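# Report on the structure
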Amino acid sequence: ASTPLQTSIATKMAALSLSTSALGLAHGVAPPRGSPSISMMAKATGKDTLIALAEEQQIPMGFWDPLKLADKDFWSEGNDATVGWLRHAEIKHGRVAMAAFVGFCVQSNGIHFPWDIKGGILGDAATALSYGDLSAIPAPVDQWAAVPTAGKLQILGTIAVLEFVGETMEPHYMRGGKPGFYPSLKDAAGGGKGNIPHPVPLDLYDPFGFFEGDSEEKKARGRNVEINNGRAAMLGIFGLICASKGLIVPGLDSLGIAQATAEPMSYFGPNDAGLPFVENMLKFDIASFGQPQ
């Protein structure tokens, strides 16, 4: 059975998703079947691609680019490459935000793995740290701050490997490749291109091959749903983080979200002061735009 906080979060975030739809920022409605999206996208280039996407994604306000980023030429690579980079960046941020939003809800409700994150049966019991110990900390932001430095470095290293493999896609997303596409990890492993030194049994996307037979139209529709859901998740996770730091967030203030004391915009914290540069980083107050404390 759901806890009152789970039910409240689900109800409030459903309302948030509806409100963002009304503003034209994001929603999960895909274009109707039979729409000419595939042919439109095949002909569109550069900024025209984003205009066509806005129509496919049924954004009420249409194409919206107040900063005029779609007109830029980043790194003198051309407008097509710039738009490819922007689209790829948005999709990646949306995917991370969806995972973060779910993680925040899970961590807020005390759900955790049953084993140790540090120590374990072969380690020193005096210094052991279990996932249950972290889960006992009320605020997810503070839970992250309490993760051992070695764990944060392992996560950072995994991200670096995934980023490296992602940049090997051919053609590259800035050279006509599909934004959001991720290469096969199995192909990148030792027996393939050699970008990963050991075999990987599953791919990051569709590890069990459930979507291999999908039509191009269905895949295009799914990509638009993913983008819209990612936009909603970006709003959602930052709303939850802001509410956990005591800021006024309409619709979330009444959830009783645990208040955090750690800095959510800092990957490393006081527990990681032994790493190079971290101690100096901690001397600056992010809330005061870098002024020394």
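Residues numbered from 1 in each chain as written. Predicted model: local features only at pLDDT ≥ 70, side-chain atom pairs only at ≥ 80, totals over all residues. Heavy atoms only, no water.

Another point: empty space enclosed by the protein. In this structure the tally under the stated criterion is two cavities of 30 Å³ or more. Reported here for the second largest cavity is a volume of approximately 40 Å³. As for the second largest cavity, its lining consists of Glu90, Ile91, Gly94, Arg95, Met98, Glu226, Ile227 and Gly230. Secondary-structure elements contributing two or more residues to the lining of the second largest cavity are α4 (79-108) and α9 (216-244). For the lining of the second largest cavity, the element with the most residues is α4, which contributes five residues. (1 Å grid on protein atoms, 1.4 Å probe; cavity = no way out; pocket = protein on both sides within 12 Å on 5 of 7 lines; lining within 4 Å. Points joined across faces, edges and corners; volume = space filled by probe spheres on them. Helix = DSSP H or I, 4+ residues; strand = E, 2+ residues; numbered from the N terminus.)

Negative phi values dominate among residues other than glycine, just as trans dominates among peptide bonds. Here the amide bond leading from glutamate 170 into proline 171 is cis, since omega sits at -5°, within 30 degrees of zero. In this fold, proline 171 is placed in the loop between α7 (149-166) and α8 (185-188). The phi torsion at serine 76 lies on the positive side, around 55°, for a residue other than glycine. Looking at the secondary structure, you find serine 76 in the loop between α3 (47-56) and α4. One non-glycine residue, phenylalanine 277, adopts positive backbone phi at about 75°. In this fold, phenylalanine 277 is placed in the loop between α9 and α10 (278-281). The exposure class of phenylalanine 277 is exposed, given its relative accessible area of 70%. (Buried < 20%, exposed > 50% of the residue type's maximum accessible area, 1.4 Å probe, protein only.)

What follows deals with the packing of aromatic side chains. Overall, the coordinates contain ten aromatic pairs when judged by the stated rule. Between the aromatic rings of phenylalanine 113 and tyrosine 131, the centroid separation amounts to 5.2 Å while the plane-to-plane angle is 75°, which identifies the pairing as edge-to-face. Placement of the pair is phenylalanine 113 in the loop between α4 and β1 (116-118) and tyrosine 131 in helix α5 (residues 131-135), with a sequence separation of 18 residues. Relative to tyrosine 131, the ring of tryptophan 115 lies with its centre 6.5 Å away and its plane at 85°, an arrangement referred to as edge-to-face. With tryptophan 115 in the loop between α4 and β1 and tyrosine 131 in helix α5, this pair connects stretches of sequence that are 16 residues apart. On the basis of relative accessible area, tryptophan 115 is assigned to the partly exposed category, the value being 47%. Classification of tyrosine 131 by relative accessible area gives partly exposed; the value is 24%. Taken together, the ring pairs connect Phe74, Trp75 and Trp85 into an aromatic cluster. (Phe/Tyr/Trp six-rings, centres within 6.5 Å; stacked < 30°, edge-to-face > 60°.)

With that out of the way, let us pick up α3. Those residues of α3 that fall on the buried side of the exposure criterion are Thr49, Leu50, Ala52, Leu53, Ala54 and Glu56. Positive phi appears at glutamine 58, one or two residues downstream of α3, with a value of about 55°.

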